[in-house]
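# Descriptive structure summary
Listed here are the chains, written in short residue letters.
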Amino acid sequence: MDPKHTQTGQGKLRFGRSLMSRYIILILAAVLFVPVVLPIISVIYIVVVNNTNTNQVAPYGDVTRISNLWSREAENLNGASEEEIKARLEQLHVSYPKSSMYRVNASGETLFILGGEDVTFLDSTSLDGGTDKTLRWSLDSGQTAETRIPAIWNASNTVQFMKEASFRDPLTVVSYIGGGEKDKGQGFIIIEVPRSLLQMTQSNWPMELLYLGIVMTIIFMIFIIMSILFFARIRKRLIRLQTAMMTPGKEGIPLPVDIRRSDEIGQLEESFNLMIHQLSDSRQREREEEQLRKRLIAGLSHDLRTPLTVIRGHMHALHKEALSEQGDRSLHRMEAKMEDLGGLIDNMLSYNLLTSGKYTLKLEEKDMLRIVRETAAAWYPVWEKEQFEIDIDLPEEPLIWHMDEQGMRRVLDNLFQNVIRHAASGKYIGISTREIQGETAIVIQDRGPGMQQDSNTKGTGLGLSIVDLLIREMGLRKRMDSSDTGVRTYIYSGKGSKETTNR
């Protein structure tokens, strides 16, 4: 055996290259998908969305920006005249046209009002008989809001104004001139801005949720596809190995497979290839041993024939000499054994020729019953000498089979010889026909101890082996039924069955 074949499959499998490691990765991905992957993807998505929406700022900034702006402007107007204050507020109103701005002096008088673009002015009468202004706002929500601006501010309406301004829309910011949140006796200025202008544009959350769902679905589908590909690749490799196992080569042994990966299946493929090499080596040894056995049998058969011929010649010469009665019996017994030895040599040669495919058969349409009668007639004196009860019952109609005549005579001779050798105690030989499996079969019957019992005469078994080989080569079938009352051998054409049975 090739040394490299003995080393195949002996290497230790690295865990990182095994199917187990890949399967564990898939399991971890499945286990961590919901508790780990989903939050990570959500955080990444939110960060990306926030970074991509940096340009979606509120038109007027946020509340803190407006409050700080208004406080800073009030401080910067410290000590300014009313004309300067009005001029500055008009400049600011140009930058914030949808806001409303107005000025109240230290005496509580509303000096001027700069209304926003979506504001309507209404006049109303106050409780003290004065004329107040009401600003009606048209908000983006479709609703309206009103701001009542007293002509003269006192403690009562100031508190009421501040209470309403703390929570309503629009946003109202009040800053004292020169002090921001501290009254320095210079009055105050007020700005009102619709809250819709201070809020960032609302994102389209249904679409964002849809996008997030699509991303998660894609990730999940990638996981499913990876799992399917993983197991599909394993299945493909196993099917390839199964096909290699079921596809025999020229000698009936499967061909080795290509090892593509060093994982568990790769180790299985290595073991399969090792088995193939071992089978091939074993088959080669069997062929060599078979050839040696055939040469040995052929050599022995030819070598034995020469001394056997010499012995037969000397035995024939002894018949011309005067022998005692005991010597004559011994001579006849030796002649019988010599005949057995000659038959054994013939069987050895025939078996060797049959197993090597050198035994030529001439298959023709022949009358099987005629051949049986002629062969039985040749054996008739032997059966009478052995005091057998001979029972031959064959029909007159011919039974045509496709066979080799000489081969069939050899089959019958071996079967009759087997009866003489192993069933002589039964003193019976029967030859008849019987319907079996819808066709006519030749039946040879004896009343010996059966094939399971020990007979007085031992044999090599070559006779029945030659019978089986000849029957098979001629395309016929044989069945043997054995019991303690004898053996029945059936020979038939086998057109309705393809089994040779020994029972």
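Calculation rules
Residues numbered from 1 in each chain as written. Predicted model: local features only at pLDDT ≥ 70, side-chain atom pairs only at ≥ 80, totals over all residues. Heavy atoms only, no water. Helix = DSSP H or I, 4+ residues; strand = E, 2+ residues; numbered from the N terminus. Buried < 20%, exposed > 50% of the residue type's maximum accessible area, 1.4 Å probe, protein only. Areas by Shrake-Rupley, 256 points an atom, 1.4 Å probe, with all protein chains shown as cover. Core = buried A, V, L, I, M, F, W, Y, C linked by side-chain atoms within 4.5 Å. Pairing = 2+ DSSP bridges. Axes fitted to C-alpha atoms, helices over the stretch in contact; angles between N-to-C directions. Parallel < 35°, antiparallel > 145°, perpendicular 65-115°, else oblique. Left-handed = near helix turned anticlockwise from the far one by under 90°. Contact = heavy atoms within 4.5 Å. Nonpolar A, V, L, I, M, F, W, Y, C, P; charged D, E, K, R; others polar. Expected span 1.5 Å × (residues − 1). Bend = angle between axes of the 7 residues up to and from the residue. Polar contact = N/O pair within 3.5 Å; in protein donor to acceptor, adjacent residues only side chain to side chain. Phe/Tyr/Trp six-rings, centres within 6.5 Å; stacked < 30°, edge-to-face > 60°. Lys NZ or Arg CZ within 6 Å of the ring centre and 35° of its normal. pLDDT = per-residue confidence, 0-100. Salt bridge = Lys/Arg side-chain N within 4 Å of Asp/Glu carboxyl O.

### Quick look at the overall build of the protein
Each helix and strand in the protein was counted, giving 11 helices and 15 strands. Every one of the 503 residues in the protein was classed for burial, and the buried ones make up 35%. Of the roughly 30,500 Å² of accessible surface on the protein, a fraction of 55% belongs to carbon and sulfur atoms.

### Quick notes on the nonpolar core
One broad trend across soluble globular proteins is that nonpolar side chains are buried collectively. Counting 31 residues, the largest nonpolar core has M368, W383, W401, M403, M408, V411 and F416 as the members making the most contacts within it. Listing elements by their share of this core, those giving two or more residues are α9 (368-385), β10 (400-403), α10 (405-422), β11 (428-436), β12 (439-446) and α11 (462-473). Ranked by size, the runner-up nonpolar core spans 22 residues in total, among them I66, L69, L77 and I189.

### As for the side chain of T134
When you line up the elements, T134 lands in strand β4 (residues 131-138). Accessibility expressed as a relative area gives 7% for T134, which makes it buried.

### Focus on the sheet that holds strand β5 (residues 144-149)
Strand order across the open sheet formed by three strands is β3-β4-β5, with antiparallel pairing between neighbours. Edge strands, defined here as strands with exactly one partner in the open sheet, are β3 (119-125) and β5. In this sheet, adjacent strand axes meet at a mean angle of 25° when their direction is disregarded. Looking at chain direction, β4 and β5 are connected through six bridges and run antiparallel. Across the sheet, residue T134 finds its bridge partner in β5, namely R148.

### Some details on the packing of α10 against α11
Closest axis-to-axis distance for the α10/α11 pair is 9 Å, and the angle between their directions is 150°. With respect to α11, the element α10 is oriented roughly antiparallel. Handedness of the crossing formed by α10 with α11: left-handed. Facing G407, R410, V411, N414, L415 and N418 of α10, the residues of α11 in contact are G463, L464, I466, V467, L470 and I471. Tallied by class, the residues present in the contact of α10 with α11 amount to seven nonpolar, four polar and one charged.

### Examining the sheet that holds strand β2 (residues 110-114)
Two pairing modes exist for strands in a sheet, parallel and antiparallel, and in both the strands are linked by backbone hydrogen bonds. The sheet built from four strands is open, its strands ordered β2-β1-β7-β6 with antiparallel pairing. At either end of the open sheet lies a strand with only one pairing partner, and these are β2 and β6 (171-176). In this sheet, neighbouring strand axes are inclined to one another by 15° on average, regardless of whether the strands run parallel or antiparallel. Examined bridge by bridge, strand β1 (residues 100-104) and β2 share four bridges and lie antiparallel to one another. Across the sheet, M101 pairs through a bridge with L114, a residue of β2. Contacts from helix α5 (residues 155-165) reach β1, β6 and β7 (188-193), with the element oriented near 135° to β6.

### Some points on the packing of α9 against α10
Between α9 and α10, whose axes approach to 10 Å, the crossing angle comes to 35°. Between α9 and α10 the crossing geometry is right-handed. In contact with M368, R370, I371, V372, E374, T375, A376, W379, V382 and W383 of α9, α10 contributes E405, M408, R409, L412, D413, F416, Q417 and I420. Class assignment of the residues belonging to the contact of α9 with α10 gives a composition of 11 nonpolar, two polar and five charged.

### Here's the deal with α9
With 18 residues, α9 should reach 26 Å at 1.5 Å per residue; the first-to-last C-alpha distance of 26 Å fits that figure. The largest bend along α9 measures about 40° and falls at W379, with the proline P381 one to four residues further on. Three or more residues of α9 are buried, namely M368, L369, I371, V372, T375, A376, W379 and W383. Where α9 begins, one side-chain oxygen reaches toward the backbone nitrogen of L369, 3.2 Å away; that side chain belongs to D367. A positive phi of about 60° marks Q387, the residue just after α9.

### Concerning the packing of aromatic side chains
All chains considered together, the criterion is met by seven aromatic pairs. Ring centres of Y60 and Y96 lie 4.9 Å apart, and the angle between their planes is 90°; on these two criteria the pair is classed as edge-to-face. A residue pair is termed long-range when its members are at least 10 positions apart, and Y60 in the loop between α2 (19-52) and α3 (63-76) and Y96 in the loop between α4 (82-95) and β1 qualify at 36 residues. The buried category is assigned to Y60, whose relative accessible area is 8%. The exposure class of Y96 is buried, given its relative accessible area of 10%. An angle of 80° between the planes, with centres 5.0 Å apart, marks the rings of W153 and F161 as edge-to-face. Across the pair, exposure class does not vary: W153 and F161 are buried alike. A connected cluster of aromatic rings, assembled from ring pairs, spans W153, F161, Y176 and F188. Its end group placed over the ring of F112, K86 keeps NZ or CZ at 5.6 Å from the ring centre.

### Section: the confidence of the model for the protein
Low pLDDT means the predicted coordinates in that region are not meant to be read closely. Overall, the prediction assigns the protein a mean pLDDT of 80, with 82% of residues at 70 or greater. Confidence drops under pLDDT 50 across residues 455-459; counting only partners more than four residues distant or on other chains, this segment forms seven contacts. Here residues 497-503 is modelled with pLDDT under 50, and outside its nearest four sequence neighbours on either side it reaches 19 contacts, counting other chains as well.

### With respect to the pattern of salt bridges
Applying the stated criterion across every chain yields a total of 18 salt bridges. In this structure, R103 engages E82 in a salt bridge whose closest nitrogen and oxygen atoms are separated by 2.7 Å. With R103 in strand β1 and E82 in helix α4, this residue pair connects regions lying 21 residues apart in the sequence. With a closest N to O distance of 3.6 Å, R370 and E405 form a salt bridge. Note that R370 is positioned in helix α9 and E405 in helix α10, a separation of 35 residues in sequence. According to the relative accessible area criterion, R370 is partly exposed, its value standing at 30%. Of the residues examined, E405 reaches a relative accessible area of 17% and is grouped as buried. Shared partners join several salt bridges into a network, and the residues in it are K362, E364, K366, R370, E374, E405 and R409.

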